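# Remarks on the overall topology
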Amino acid sequence: MLDYLNDIDTEVLLAINGLHGTFQDAWWWLVSAKWASALLVLALAWILLHQNRRHAVLVLAMLVLTFLLADQLSSGLVKPLVERLRPTWDHSLDNMVHTVNNYRGGMFGFVSSHAANSFAAATLIALIMRHRLVTISIFVWALLQCYSRVYLGVHYPGDILGGIVIGTVVGWLVWLLMRWIQRRWHIPEGYYTRTDAVVMTSSLGLTLLCLLIATLSQTL
């Protein structure tokens, strides 16, 4: 059964990774970059500046905790425990996996830290702001980042799915903790308007536009 699932995992990886081209390489490389979420972070910071100070500080603290937990669970615990080689380190896939800028990542890939971190943050933000526009935009961005990791050949789809599960659970548990802290110390809930949702969604649109311009500047 495990061999069967591994075969499917490899086939899907090679199918996605095999769609490479000059434009795609540049695009997904930029999407996967650590700084690619900068505008979304700035948009969230702007929104929190207009919230109650105690609520804003709590949200920031919970976001930091979310990233720490998701990253440590994925990179600090699961990866060294499972020791599943990334596709770029698996010699059985030599000359089959297309790499971009000779990037191979660390040796072990299960589970994906990108997937865990992005879905943990997306889950927490979606539960805090509770607006359809925010939920859609933040999870679309998380999925794009996940796809980029498979395209770049540094993760199997199974690595991504594992990261999504861990990230979603972490985001939900941290949100429960946040709710308990709010009740325990009488910290007010946030009041997020449609304008806030538009700001978050627009920041994603602007991010994609900037990445597109940067990609075109590199490939034309």
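Located above this text is the structure these notes cover.
Note that the structure is predicted; figures quoted are calculated from it, not measured.

With that settled, consider the side chain of Ser74. Looking at the element boundaries, Ser74 is found in helix H4 (residues 53-82). For Ser74, a relative accessible area of 0% puts it in the buried group. There is a polar contact of 3.2 Å between the side chain of Ser74 and the side chain of Ser113. In contact with Ser74, other than residues within four places in its own chain, are Lys79, Val111, Ser112, Ser113 and Ala116.

Moving on: empty space enclosed by the protein. Counted according to the given criterion, the structure contains one cavity of 30 Å³ or more. In this model, the largest cavity occupies a volume close to 30 Å³. What lines the largest cavity is simply Leu44, Leu48, Val59, Leu63, Ile125, Ile128, Met129 and Tyr192. Elements supplying a minimum of two residues to the lining of the largest cavity: helix H3 (38-49), H4 and helix H5 (113-129). The element best represented in the lining of the largest cavity is H5, accounting for three residues.

In this section: the layout of surface pockets. Counted as a void, the largest pocket has a volume near 890 Å³. Taken together, 34 residues make up the lining of the largest pocket; nearest its centre are Lys34, Ser37, Phe67, Asn117 and Gln145. Of all the secondary-structure elements, those providing two or more residues to the lining of the largest pocket are H3, H4, H5 and helix H6 (132-151). With seven residues, the single largest contributor to the lining of the largest pocket is H5. Here the lining of the largest pocket is composed, by residue class, of 21 nonpolar, eight polar and five charged. Empty space within the second largest pocket amounts to approximately 160 Å³. Looking at the second largest pocket, it is lined by 13 residues, and the ones nearest its centre are Leu127, Ile128, Arg179, Glu189 and Gly190. At the level of elements, H5 and helix H7 (157-184) are the ones that each hand at least two residues to the lining of the second largest pocket.

Going through the model one piece at a time under the given rule, you end up with six aromatic pairs. Note on Trp27 and Trp28: the rings are 6.2 Å apart at their centroids and 75° apart in plane angle, and the pair reads as edge-to-face. Note on accessibility: Trp27 and Trp28 belong to one class, buried. On the basis of relative accessible area, Trp28 is assigned to the buried category, the value being 12%. Feature note: the residues Trp27, Trp28, Tyr147 and Tyr151 constitute an aromatic cluster, connected by ring pairs. When the ring centre of Trp89 is taken as reference, the NZ or CZ atom of Arg104 above it lies at 4.0 Å. Over the ring of Trp185 we find Arg184; its NZ or CZ atom is 5.1 Å from the centre of that ring.

Along the chain, the position of Asp159 falls in helix H7. Classification of Asp159 by relative accessible area gives buried; the value is 0%. Apart from residues no more than four positions distant in its own chain, Asp159 is found in contact with Arg84, Gly109, Phe110, Val111 and Ser112. A polar atom in the side chain of Asp159 sits 3.0 Å from the side chain of Arg84.

What follows covers helix H1 (residues 2-17). Here H1 is 16 residues long and its end C-alpha atoms lie 22 Å apart, about the 22 Å a rise of 1.5 Å per residue gives. Inspection of H1 places Asp9, Thr10, Leu13, Ile16 and Asn17 among the buried residues, and these make up the whole buried set. For H1, the buried positions fall inside an angular range of 135° around the axis, keeping them on one side. Across from the buried face of H1, at angles greater than 90 degrees, the exposed residues are Tyr4 and Glu11. Contacts from the buried residues of H1 go to H6 and H7.

What counts, and at which threshold
Residues numbered from 1 in each chain as written. Predicted model: local features only at pLDDT ≥ 70, side-chain atom pairs only at ≥ 80, totals over all residues. Heavy atoms only, no water. Helix = DSSP H or I, 4+ residues; strand = E, 2+ residues; numbered from the N terminus. Buried < 20%, exposed > 50% of the residue type's maximum accessible area, 1.4 Å probe, protein only. Polar contact = N/O pair within 3.5 Å; in protein donor to acceptor, adjacent residues only side chain to side chain. Contact = heavy atoms within 4.5 Å. 1 Å grid on protein atoms, 1.4 Å probe; cavity = no way out; pocket = protein on both sides within 12 Å on 5 of 7 lines; lining within 4 Å. Points joined across faces, edges and corners; volume = space filled by probe spheres on them. Nonpolar A, V, L, I, M, F, W, Y, C, P; charged D, E, K, R; others polar. Phe/Tyr/Trp six-rings, centres within 6.5 Å; stacked < 30°, edge-to-face > 60°. Lys NZ or Arg CZ within 6 Å of the ring centre and 35° of its normal. Expected span 1.5 Å × (residues − 1). Arc of directions from axis to C-beta.

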